[in-house]
Amino acid sequence: MKLIKSKTNGELYEMYDKWTFGKIIQLNTALPFENAKDSETTVLITNVDNKNDFISNNNNMADWTKNNRACTTLWTTLYAMKQLSTNFNDSGDLKINDLTFYNALGSAELRKQQSTIIADQLDNVFRLGSGATFETDFDRTKAMGTMIEILTNEEKQVKDLASAVDDAYSFWGEKI
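Residues numbered from 1 in each chain as written. Predicted model: local features only at pLDDT ≥ 70, side-chain atom pairs only at ≥ 80, totals over all residues. Heavy atoms only, no water.

Let's talk about the overall build of the protein
Then step 1. Of regular secondary structure, the protein possesses 10 helices and 2 strands.
Then step 2. In the protein, the succession of α and β elements from N to C terminus is α-α-α-α-α-α-α-α-β-α-α-β.
Then step 3. Within the span of the protein, comprising 176 residues, buried residues form 44% of the whole.
Then step 4. In the protein, the proportion of contacts linking residues at least 24 apart, taken out of those at least 6 apart, comes to 62%.
Then step 5. Of the roughly 9,400 Å² of accessible surface on the protein, a fraction of 48% belongs to carbon and sulfur atoms. (Helix = DSSP H or I, 4+ residues; strand = E, 2+ residues; numbered from the N terminus. Buried < 20%, exposed > 50% of the residue type's maximum accessible area, 1.4 Å probe, protein only. Contact = heavy atoms within 4.5 Å. Areas by Shrake-Rupley, 256 points an atom, 1.4 Å probe, with all protein chains shown as cover.)

Considering the pattern of salt bridges
Then step 1. Using the criterion set out here, one finds 5 salt bridges in the structure.
Then step 2. Here Arg-140 and Asp-123 are joined by a salt bridge, their closest N and O atoms 3.4 Å apart. On the criterion of sequence distance, the pair formed by Arg-140 in helix H9 (residues 140-151) and Asp-123 in helix H8 (residues 108-129) is long-range, its members being 17 residues apart.
Then step 3. By relative accessible area, which is 0% here, Asp-123 ends up buried.
Then step 4. Counted as one network, the salt bridges with shared partners bring together Asp-120, Asp-123, Arg-127 and Arg-140. (Salt bridge = Lys/Arg side-chain N within 4 Å of Asp/Glu carboxyl O.)

Observations concerning the confidence of the model for the protein
Close inspection of predicted coordinates is inappropriate for parts of the model with low pLDDT.
Then step 1. Counting all residues, the mean pLDDT for the protein is 78, and 64% of those residues have values of 70 or more.
Then step 2. Contacts of residues 29-61 to residues separated by more than four positions or lying in other chains number 98 contacts, the stretch itself having pLDDT below 50. (pLDDT = per-residue confidence, 0-100.)

As for the environment of Asn-124
Then step 1. With respect to the element layout, Asn-124 can be found in helix H8.
Then step 2. Excluding residues that lie within four positions of it along the chain, Asn-124 makes contacts with Gly-129 and Arg-140.

Digging into H8
Given 3.6 residues to a turn, an α-helix orients residues that are three or four positions apart in the same direction.
Then step 1. The first and last C-alpha atoms of H8 sit 30 Å apart over 22 residues, in line with the 32 Å expected at 1.5 Å per residue.
Then step 2. For H8, the complete set of buried residues consists of Arg-111, Ser-115, Ile-118, Ala-119, Leu-122, Asp-123, Val-125, Phe-126 and Gly-129.
Then step 3. Positive backbone phi, approximately 75°, marks Gly-131, located one or two places after H8. (Expected span 1.5 Å × (residues − 1).)

Description of the packing of aromatic side chains
Then step 1. The final tally for this structure, using the stated rule, is 8 aromatic pairs.
Then step 2. Ring centres 6.2 Å apart and planes at 40° place the aromatic pair Tyr-169 and Phe-171 in the tilted group. Each of the two residues, Tyr-169 as well as Phe-171, counts as buried.
Then step 3. Ring-pair connections join several aromatic residues into one group, and the members of that group are Trp-64, Trp-75, Tyr-79 and Phe-88. (Phe/Tyr/Trp six-rings, centres within 6.5 Å; stacked < 30°, edge-to-face > 60°.)

What follows is the structure, encoded as structure tokens:
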């Protein structure tokens, strides 16, 4: 933690050239974070008062919270994918049509194709980059279908997507 806090934004940004995307996601979701030191440039990890509160992860998530690994991993991934540029606290209330992939002028079929691509990328990052596994009664098809349903609905919010992600995936450190 001291190392991260002692670096400038420029020094921290260099990590993107040194580590894989999956490792960056893993580092950024290892502990809850306050937000980027400079939210347009880099993401910093900060201390947690009680690590057990973070790791316990409430499976009945109703809120967008830094204490839920589904929320933090989704935000970090969408931020890295340049789908959003807002800080963590403001991102949960973003509507799906505020994400960069969403084309309001495109056909419903085009939005479904774009949503499928985003859902596929998210699934790969969650499972391959962050080591998430599927929750009971979920598989890739069901998890993807749930995300696509939300990603094609312009009225849904990022926190709705996080809730679906939380239902479908078990992230490292969650109590089962």
